[in-house]
Amino acid sequence: MRHGRINRLRRLGAGLAALAGAASLTACGTGATGDGERAAAKAPSDIVCAQKGQLAGSGSTAQQNAMRHWMREYQQACPGVQIRYVAIGSSGGVAQFLRGATVLAGTDSALKPDEVEASRQSCPGGRAIDLPMVGGPIAVGYNVDGVDDLVLDAPTLARIFDSEITTWDDPEIRRLNPGVALPPTPISAVHRSDGSGTTQNLNAYLAAAAPEDWPYEAEKAWQAKGGHSAAGSDGVASQVYTTDGAIGYFELSSAAEEKIPTVRLDTGAPEPVAVSAKAASAGIAAAEVGDGGGKDLTVEFDYATKAPGAYPLVHVTYEVVCDKGTPAGALPALKSFLTYTAGEEGQNDLAKLHYAPLPPALAARVRDVVASLS
């Protein structure tokens, strides 16, 4: 469980020392992990490039691995465009967009009505809209010595994150894991310290699937009592990775990168559901796509689903942009980049990064809206 910890801490230290360069990734950056060698050898074939432009974006940390990949691929094909994306959390990204500091915000939850109204100041003649772009499950990762397979259900998760269940040998955890040698190790539940759409989606899941045990609203700010906190998905994953007895939530790509074991969820289906891109895609495909007004696209999930093989703790990250009013110098590059990310190649690449591609029909709707931006 702890092999490679030194390398992990070195990477973390390097990232903190160069936050502006590592979090504010340009598309020509080489620091992203994963399939960088493949990207260097082959440029995407389906990009219609803008000739020039500068795109400033910020927000969701859950999509940062996808953004690293997309920006690298796009920049290789379109060297005249410069893209910067700062992973500061959904709340921070939306706030910067509403101040007019960026032309794109990544958020793991749709805009609220007051945010849409405020966006009319930063979108002259228009308003901000939500475009779903990155799908994926929220993994629940844990670090318990000697435990390689763990099943939890929504009520038990709710009581863990609300500090009602405090040791790993609690009877409720034992009931869900017969035959597993669970130690009396204290539970260290880790949540996000920053405003986060990932937190909001976890809140929504627990409120829907365990309403008697989770009295909190589906907000971006953490509300439950106790526990420990860390900034960003990487921060939560790092704390879980280095703390015996820890449990936390983050995107699947973070769990896969650090080889953190993940919880299988007992949803009431015949078998507990393991977290995977395929299981998340099943949940996204079953979701309803609402209409938030005009060109706005929002996705409503059934967090209490008991469908076999459907992982219920799932989300999409939205790219928030102006339907009208994007600065003329950035508009062609913005449309070109988002057409690629919502396109077949951009979406198909997501599975390699442990994200879930959008259903083809939804991706097509996103591309239609992108083409209409002005």
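Details of the structure are given in the entry above.
Residues numbered from 1 in each chain as written. Predicted model: local features only at pLDDT ≥ 70, side-chain atom pairs only at ≥ 80, totals over all residues. Heavy atoms only, no water.

Chemist: Quick one: what's the story with helix 10 (residues 232-242), residue by residue and with numbers?
Modeler: Most of helix 10 sits inside the fold, with eight of its eleven residues counted as buried. Those residues of helix 10 not exposed but buried are G232, S233, G235, V236, A237, S238, V240 and Y241. (Buried < 20%, exposed > 50% of the residue type's maximum accessible area, 1.4 Å probe, protein only. Helix = DSSP H or I, 4+ residues; strand = E, 2+ residues; numbered from the N terminus.)

Chemist: Before we move on, can you summarise the pairing of strand 4 (residues 104-107) with the specific residues and values?
Modeler: Alternating residues of strand 4 divide into L104 and G106 and A105 and T107, and every residue in both groups is buried. As paired elements, strand 4 and strand 13 (residues 314-322) share three bridges and run antiparallel to each other. Looking across to strand 13, one finds that G106 is bridged to E319. (Pairing = 2+ DSSP bridges.)

Chemist: Could you give an account of unusual backbone geometry, with specific residues and numbers?
Modeler: Glycine aside, residues mostly have negative phi angles, and peptide bonds mostly take the trans form. Of note, S163 is a non-glycine position whose phi angle comes to about 65°, a positive value. Looking at the element boundaries, S163 is found in the loop between helix 7 (154-161) and helix 8 (171-176). The backbone of H354 shows a phi angle near 70°, a positive value even though the residue is not glycine. Summarising the element assignment, H354 is placed in the loop between helix 14 (344-348) and helix 15 (360-372).

Chemist: How would you sum up the packing of helix 5 (residues 90-98) against helix 6 (residues 113-122)? Please name residues and give values.
Modeler: In the contact formed by helix 5 and helix 6, the axes pass within 8 Å of each other and the chain directions differ by 40°. As summarised for this structure, helix 5 and helix 6 are arranged oblique, according to the angle between their axes. Where helix 5 approaches helix 6, its residues V94, F97 and L98 are matched on the opposing element by E115, A118, S119 and S122. For the contact of helix 5 with helix 6, the per-class residue count stands at four nonpolar, two polar and one charged. (Axes fitted to C-alpha atoms, helices over the stretch in contact; angles between N-to-C directions. Parallel < 35°, antiparallel > 145°, perpendicular 65-115°, else oblique. Contact = heavy atoms within 4.5 Å. Nonpolar A, V, L, I, M, F, W, Y, C, P; charged D, E, K, R; others polar.)

Chemist: Go over the state of the cysteines with me, naming the residues and quoting the values.
Modeler: Among covalent bonds in proteins, the disulfide is the one between the sulfur atoms of two cysteines. For the structure shown, the criterion picks out two disulfides. In this model C49 forms its disulfide with C78; the gap between the sulfur atoms is 1.9 Å. One disulfide, between C49 and C78, carries an S-S torsion of -75° and so falls in the left-handed class. Of the two residues, C49 sits in the loop between helix 3 (36-41) and strand 2 (53-59) while C78 sits in the loop between helix 4 (64-77) and strand 3 (81-87), which places them 29 residues apart along the sequence. We classify C49 as partly exposed; its relative accessible area is 30%. A relative accessible area of 2% means that C78 is categorised as buried. Disulfide partner of C123: C322, at an S-S distance of 2.0 Å. Looking down the S-S bond of the C123 and C322 bridge, the torsion is -75°, so its handedness is left-handed. Taken together, the positions of C123 in the loop between helix 6 and strand 5 (128-143) and C322 in strand 13 put the pair 199 residues apart, joining distant regions of the chain. (Disulfide = S-S within 2.5 Å.)

Chemist: I'd like to hear about the side chain of Q63, residue by residue, with values.
Modeler: Secondary-structure assignment places Q63 in the loop between strand 2 and helix 4. In this structure Q63 comes out as buried when scored by relative accessible area, which is 0%. For Q63, the side chain forms a polar contact with the side chain of E319, separated by 3.3 Å. (Polar contact = N/O pair within 3.5 Å; in protein donor to acceptor, adjacent residues only side chain to side chain.)

Chemist: A description of the packing of aromatic side chains should follow, citing residues and the corresponding values.
Modeler: Evaluated as defined, the whole model comprises eight aromatic pairs. Arranged with centres 6.5 Å apart and planes meeting at 35°, the rings of Y74 and Y340 form a pair that is tilted. Taken together, the positions of Y74 in helix 4 and Y340 in helix 13 (residues 331-341) put the pair 266 residues apart, joining distant regions of the chain. The same class applies to Y74 and to Y340, which are both buried. Note on F161 and W222: the rings are 5.9 Å apart at their centroids and 70° apart in plane angle, and the pair reads as edge-to-face. Placement of the pair is F161 in helix 7 and W222 in the loop between helix 9 (197-209) and strand 8 (228-230), with a sequence separation of 61 residues. Grouping residues by exposure puts F161 and W222 together as buried. Three or more aromatic residues link up through ring pairs in this structure, and these residues are F161, W214, Y216, W222 and Y249. (Phe/Tyr/Trp six-rings, centres within 6.5 Å; stacked < 30°, edge-to-face > 60°.)

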